[in-house]
Amino acid sequence: ALLGKDLRRDFADAEERTDAKLEKLGTELRHEIGDLRKDMEAKFAGVDARFASMETRFDAKLDRLALQLTTRLGGLVVGSLTVLSIIFALISKFMH
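Just so it is clear, the model here is predicted, and its values are computed rather than measured. (Residues numbered from 1 in each chain as written. Predicted model: local features only at pLDDT ≥ 70, side-chain atom pairs only at ≥ 80, totals over all residues. Heavy atoms only, no water.)

**Observations regarding the overall build of the protein**
Step number 1: Of the regular secondary structure elements, the protein holds one helix and zero strands.
Step number 2: For the protein, whose C-alpha radius of gyration is 41 Å, the value lies well above the compact-globule estimate of 12 Å for 96 residues.
Step number 3: Principal-axis analysis of the C-alpha atoms places the extent of the protein at approximately 135 × 20 × 5 Å.
Step number 4: Burial status across the protein gives 1% buried among its 96 residues. (Helix = DSSP H or I, 4+ residues; strand = E, 2+ residues; numbered from the N terminus. Rg over C-alpha atoms; globule rule 2.2 N^0.38 Å. Buried < 20%, exposed > 50% of the residue type's maximum accessible area, 1.4 Å probe, protein only.)

Given below as structure tokens:
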């Protein structure tokens, strides 16, 4: 019976030590997960900032291209109207 009590006490002590170690490991793991989460947020914040910068540059390029296209189309319209007015002037000159 004495051996059984000693064995139960040893088992209880081992169980307490195991529980304490598991609790400590759990706490360390939670801290590691928190640190990893912060690292990932920092990395994604950098990615978001780069995309925002790229988007700004892309928008500026699109605006410049739209302005160039508008200018060229405007030039084509003016040129076309000029040619048409010359043609009409010539036609009206020959008709009179």
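**A closer look at the environment of Leu 84**
Step number 1: Summarising the element assignment, Leu 84 is placed in helix 1 (residues 2-95).
Step number 2: Its relative accessible area of 42% is what places Leu 84 among the partly exposed residues.
Step number 3: As a C-alpha pair, Leu 84 and Arg 9 span 75 residues in sequence and 109 Å in three-dimensional space.

**With respect to the environment of Asp 6**
Step number 1: In this fold, Asp 6 is placed in helix 1.
Step number 2: Here Asp 6 falls in the partly exposed class, since its relative accessible area comes to 27%.
Step number 3: Put simply, Asp 6 and Leu 84 are 78 residues apart on the chain and 113 Å apart in space, counted from C-alpha to C-alpha.
Step number 4: Of note is the side chain of Asp 6, whose polar atom sits 2.7 Å from the side chain of Arg 9. (Polar contact = N/O pair within 3.5 Å; in protein donor to acceptor, adjacent residues only side chain to side chain.)

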